Structure formats: C-alpha cells, structure tokens
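If you want the building blocks of each chain, they are given just below.
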Amino acid sequence: MKIVTYNINGLRPRVAQHGSLLRLLNSLHADVICFQETKVTRQDLSADITMAEGYEAFLSCSRISSKGRGGYSGVATFCRVTSAFSSSEVALPLSAEEGFTGLLEGPKIGNKDSSEEFCVEVPLKVDNFEEDISKEELIKLDSEGRCVITDHGHFVLFNIYGPRAEQDDKDRVRFKLLFYQILHKRWKYLLDKGKRVFIVGDLNIAPFSIDRCDADPSFEKNMFREWLRSLLRDSGGPFIDAFRSKHPHREGAYTCFSQRTGAEEFNYGSRIDHILISGSCFHKNNNLQGPHCIFDCHVERCDILTQFKRGNSNSDALSKWNGGRSNKLEGSDHIPVYIKLINIPDLPIHNTPLLAMRYIPEVRGFQQTIVSFLSKGQSFTQVQEESSKSTFSEKSQAFSGITSSSQEIEEKTLNSPDFSLTKRKITNSNSNISSIKKAKNSKSSQLTIKSFFKQTNIQTEKLREEELESCSDQNVNLEGFEDRDVILSKERGDSAILEWERIKERMKMSLPLCKGHREPCVARSVKKGANIGRLFYVCARAQGPASNPEANCNHFQWASVKSKDRQR
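Heads up: these notes are all about the structure in this document. Just so you know, these numbers come straight off a predicted model, no measurement behind them.

Points about the overall build of the chain
Tallying secondary structure elements over the chain gives 16 helices and 19 strands in all. For the chain, the share of sequence-separated contacts (at least 6 apart) that also reach a separation of at least 24 residues comes to 68%. Accessible area of the chain: about 33400 Å², with a carbon and sulfur share of 49%.

Notes on helix 6 (residues 223–230)
Burial in helix 6 covers these residues: Phe224, Arg225, Trp227, Leu228 and Arg229. Elements that come into contact with the buried residues of helix 6 comprise helix 5 (170–192) and strand 12 (273–278).

Quick notes on the packing of aromatic side chains
The relation between two aromatic rings is expressed through the spacing of the ring centres and the mutual angle of the planes. Counting across every chain of the model gives 15 aromatic pairs. Summarising the aromatic geometry, the rings of Tyr6 and Phe308 are spaced 5.9 Å apart at their centres and angled 65 degrees between planes, so their arrangement reads as edge-to-face. Of this pair, Tyr6 sits in strand 1 (residues 2–7) while Phe308 is found in the loop between strand 13 (299–304) and strand 14 (337–341), placing the two residues 302 residues apart along the sequence. Pair check on accessibility: Tyr6 and Phe308 agree, each one buried.

A word on the sheet that holds strand 18 (residues 535–538)
Strand order in this open sheet of three strands is 17-18-19, and the pairing throughout is antiparallel. Where the open sheet ends on each side, the last strands, each with one partner, are strand 17 (522–525) and strand 19 (556–558). Going across the sheet, the axis of each strand differs from the next one's by a mean of 30 degrees, ignoring polarity. Direction of pairing for strand 17 relative to strand 18: antiparallel, over a ladder of four bridges. Residue pairing for strand 18: Arg524 is matched across the bridge by Phe536.

Points about the state of the cysteines
Enumeration over the complete set of coordinates arrives at zero disulfides. Of all cysteine sulfurs in the structure, the one in Cys297 sits closest to Cys281, which takes part in no disulfide; the separation is 3.9 Å. A relative accessible area of 9% places Cys281 in the buried class.

Here's the deal with the environment of Ile294
Take Ile294: it is sitting in helix 8 (residues 294–298). Given a relative accessible area of 2%, Ile294 falls into the buried group. Residues Ile294 and Phe282, spaced 12 residues apart in sequence, show a C-alpha to C-alpha distance of 7.4 Å.

Considerations on unusual backbone geometry
Residues other than glycine predominantly adopt negative phi, and peptide bonds predominantly adopt the trans conformation. Of note, Lys39 is a non-glycine position whose phi angle comes to about 60 degrees, a positive value. According to the relative accessible area criterion, Lys39 is partly exposed, its value standing at 34%. Of note in the backbone geometry, Asn204 takes a positive phi value of approximately 60 degrees without being a glycine. Within the secondary structure layout, Asn204 lies in the loop between strand 8 (197–202) and helix 6. For Asn204, a relative accessible area of 19% puts it in the buried group.

Focus on helix 5
For helix 5, with 23 residues, the first-to-last C-alpha span of 33 Å sits near the 33 Å given by 1.5 Å per residue. Of the residues trailing helix 5, Gly194 is marked for its positive phi of about 85 degrees.

As for the packing of helix 5 against helix 6
The relative placement of two packed helices comes down to the angle between their axes together with the axis-to-axis distance. For the pair helix 5 and helix 6, interaxial distance at closest approach is 12 Å and the crossing angle is 10 degrees. Our classification of the angle between helix 5 and helix 6 gives roughly parallel. Contacts between helix 5 and helix 6 pair Val173, Lys176, Leu177, Tyr180, His184 and Trp187 from the former with Met223, Phe224 and Trp227 from the latter. Looking at the contact of helix 5 with helix 6 residue by residue, the classes come out as seven nonpolar, one polar and one charged.

Some points on the side chain of Asp202
Secondary-structure assignment places Asp202 in strand 8. Of the buried charged residues, Asp202 lacks a salt bridge, with Arg146 as the closest side chain of opposite charge at 7.4 Å.

Brief notes about the nonpolar core
Counting residues in hydrophobic clusters, the biggest one holds 41 residues, and the most contacted among them are Ile339 and Leu341. Ignoring sequence-local partners within four residues, the contact set of Leu341 consists of Met1, Ile3, Phe155, Phe198, His298 and Val299. By size, the runner-up hydrophobic cluster in this structure holds 36 residues, among which are Val156, Phe175, Leu177 and Ile199.

Here's the deal with the side chain of Asp151
Here Asp151 is to be found in strand 6 (residues 147–151). For Asp151, the side chain forms a polar contact with the main-chain nitrogen of Gly153, separated by 3.0 Å. When sequence neighbours within four positions are dropped, the list of residues in contact with Asp151 reads Pro93, Leu94, Ser95, Ile109, Gly110, Val156 and Lys195.

Rules of the game
Residues numbered from 1 in each chain as written. Predicted model: local features only at pLDDT ≥ 70, side-chain atom pairs only at ≥ 80, totals over all residues. Heavy atoms only, no water. Helix = DSSP H or I, 4+ residues; strand = E, 2+ residues; numbered from the N terminus. Contact = heavy atoms within 4.5 Å. Areas by Shrake-Rupley, 256 points an atom, 1.4 Å probe, with all protein chains shown as cover. Buried < 20%, exposed > 50% of the residue type's maximum accessible area, 1.4 Å probe, protein only. Phe/Tyr/Trp six-rings, centres within 6.5 Å; stacked < 30°, edge-to-face > 60°. Pairing = 2+ DSSP bridges. Axes fitted to C-alpha atoms, helices over the stretch in contact; angles between N-to-C directions. Disulfide = S-S within 2.5 Å. Expected span 1.5 Å × (residues − 1). Parallel < 35°, antiparallel > 145°, perpendicular 65-115°, else oblique. Nonpolar A, V, L, I, M, F, W, Y, C, P; charged D, E, K, R; others polar. Lys, Arg positive; Asp, Glu negative; His and termini not counted. Salt bridge = Lys/Arg side-chain N within 4 Å of Asp/Glu carboxyl O. Core = buried A, V, L, I, M, F, W, Y, C linked by side-chain atoms within 4.5 Å. Polar contact = N/O pair within 3.5 Å; in protein donor to acceptor, adjacent residues only side chain to side chain.

Structure (structure tokens):
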C-alpha cells in the first residue's frame, strides 16, 4: 500500500497541467493521495476536480476568506479503490471526518456510538494560553479547511495543511499554536484507545537544521520546531518521522522552495512536508525478538518524489529563473513524499463513507422532487430570468408554462407547405399587461414561438452584400466584417506586444546592475511595514547557496525617491 502527500498549490492548476484529474492522480501511482492547499471553496466544487474513475474523494474547504481571497488552503484525500461498495480494501476508509475539533457538523470517525466520539469541552484550558478558549475560537481552527481524517481500520490517517505564521504576526502565531495544541489532544485521544495514527501533509515546520538550506545556529530553538521534535520517538514521543528514520543523514532533501526566487534551480529549500506514524505492528506473536511497531515491521520505503520538482519536466528542461518575469516554471512549489507499507491485512466488507464527494449535492446535483414538477405556473419575470440562461428547448418549455387561471387563450392553427404555426392570443389582467409591454420593449424580453419560424429577411441579406461589395471596391481584402475585426484585433495585439518589448528594453537600460554578475536587477516593492510601497532592486538570478557563483548574489538596493515619485 502506497500513501502520498503533496502540497499541490491549487487543485485546478494541477488538473489543467496534467490534462485531467485522473491523469494527475495516476501520475502519483498511489493508493491514498493526500493533497494540501487545494484553494477550492465549496461553491467551486465540481466533478472535474473531485471525481475520477476508480477514486473516492474526501475534501475540506475553507469557510472563510483571507485578505479578499475566497479560495485558499483546503485539503483533499483521494482513495484508489476497485469498488466503492462491499469492499474489503484498506484504501477505502471505514469512516471520514472533516476537521479535527469534533465541533463541525457532519460524519465523524470512530465507533457508531456517539458517546465514543472525540469532543472538546469548552471553555478549554490550554498550555501557553492565559485565558480560556471559547467554542467559537475552536471552530475557527476547522474553518480554514486544514484537516481531513479518514479511518482505514488498521490506522487513522490525518491529512494536514499546517498554518503558516510570521514571527511578528501575533494573531497567526496564536492560531498556529492553538491549532497544534488541539491536534495533539486528538492524536493522544486515539493513541490512548490503541489506534495507529498516521500524520501526513505540509506542517509548515522544518524540525532539524538539516531540513533547512540556510539554517542558523538558533534555528532549532523555535517553539514549533521544539514541539514537533518532542513528538518523535528519539525525544520520547510516540511518532516516527518516516523519511528521516529511513534517511538519517541525507542532506539537501527538501520538499518546498520559494516561488519568488526560483530556488529549485539550486535545490535551495526546506523539508516541511512530513509523514509521521505511530502504533504497533500486526504481528500476534509477542515472543518475536527485536522492535515491533508499525514502522519497523511494515514500512518498506519512504522517500521524496523529486521528479515532480518544477523545472524537471521536458517543457521546463531549458528554463532558467529570470526574476519571475520572463520565465515561470510550471507546477507546485512543493514536492510529493510517499511511504510504502507491506503486509497490511484486508478489512471487513464496508462501503464508502458519507463524507465522500459522490454524496455531496454541489458535485452530484440536488435531488429533484415530484413536487417541483407539479408546482403552479411561474411569474413572467421568473421565466424571463431563467430563459436567458437556457437552451431553445428550455425556452419553449418555459414559454408554454406561463399560464394562470386569469388568462384566456385562443389558438388558431395556420397550415402551409413549409411549416405550421400556432398563434396564441393572451389576455392578461391589468397588472400583467404593463410588465409584458415593458418586457417586449427590452432587448432581453421573452422570445415568442413565432420568432423562431420567421423567414430570412431578403432585404437584410441584400444590404450585407452591398456592404461587402463596397469593401472590395476600396481594395479591402476581407471576406466579411468578422474577418476584418479579427485582422484589426491581431494588428492591435502585435503592436501592443512590440510596445511592451520596447518598454522592457527601456526598463533594462534604467535598471541598476547587480554587483555580483553585472546584470540588470529586478524591481520589487515592499508589501508591508513602515516602508510599504517603496521600490527596491535585487539580483534577478535564482536563489542558492552563497558558495555558488551562479546563484543569486544577494544584491539589494533601494530605489531613489525620485524614481519612486516617477512611478507614481
């Protein structure tokens, strides 16, 4: 059994990159695939990004917006199965749950008895917090779509996208601290019940100096890194860092790279995507010698899928970072990590749990009821709004449905060799007459059946032919006005491209040269703080180790006040 964790930095872009969701999933060759940072809201859910043949999906989406962004964070777990029902496969979970606090509405993992479910009592006392934690604050932990839990019988799998927090952002530091404190309680609750727990995902924490390209002497003293290391077996904790345990001395094993600096080119990143596992093995003979845990007995391999690094594909083979302006490498800024398990027994027969996407109305559609087909006629305005979004057949059906008890309809059928036309004379109440007249005067008013059977206007055709002839008399090499518009649009586009190239050349001439390579810098601006909006210049090359002369020379230069005023 193979499990993969992958921060995809947007589900839709990765699906588009591979051509379809099925191709994306199949490219990872795994039984359980855990995505982070899907950037999908519940309103954006659709079959093309959640449903793939042979896979069952379990998603958690952000319920709140951040800095004007509706879709950010989000996790998704895809399970490859041969059957969604009456299955004994371990990849198909017995149950699934969104979030980890136990406060969100919806299905829960664990026993069917609700008394056995995890529940946080509020108000809650938490270490490092002076005041009690309210229920509202706990619910916020699950409101960003950062966790999906799937119970696979032999183990409980946590798909986690850990929050990121700058040191000077007190609110986010508090959020991140509380996030992991409550998660820790959930893990302990399951371990105390004898469950095996797997934690996979982007935790946004690099635990050791070896896991960071530019770690300074105080790197490991960060409170989040200390907390993560305290969970590991070497520090007396219950979990095993699967990758580091298999490769204890491997350097340069990074899974995340800065998008702004092209750090993949020189493998200048950090290892923040992890697989942590805990629990006993499946051996029943207690007399066996040596260590016996799930890692020692059933983990065959754990490694980083470096072939997914940006710039490794054929299309990116010749690409070089150029300040993020001319070239932009395709793909996520993270690399997948996988673990391969062996000798995992099958499960009892079970079906796909209720949290799966196959049951979500936003994906499969809402169930129609017989009442909707027997409801009374709609108002003219309602039909008018619906008809603008419907096909011809839907418009015809909507038109025929505009009836009421106050209407008197007289029909007269006209026969001809080419077609038959039904003419309806509708007499409405005074309140409806004004609205119908207004609709007739509007360009978007309801079409009539008669309008679809009108013969071609010969005069209109003759007028168009005369206009085309006049164009040819003036030596205009066009087949019609549509072709002329296309050519004019192309000419405008070409001139715009040329103008942009001239602007870039002028910018290069005005940009300062970096001291290390004597090459034009790239201009950037401060995003926050006292100098917000102020321009500065940096070396355009990809970030890398200082010992490499081909890497970024770390040139930095403030733009002059005059150039800043000129920009305004």
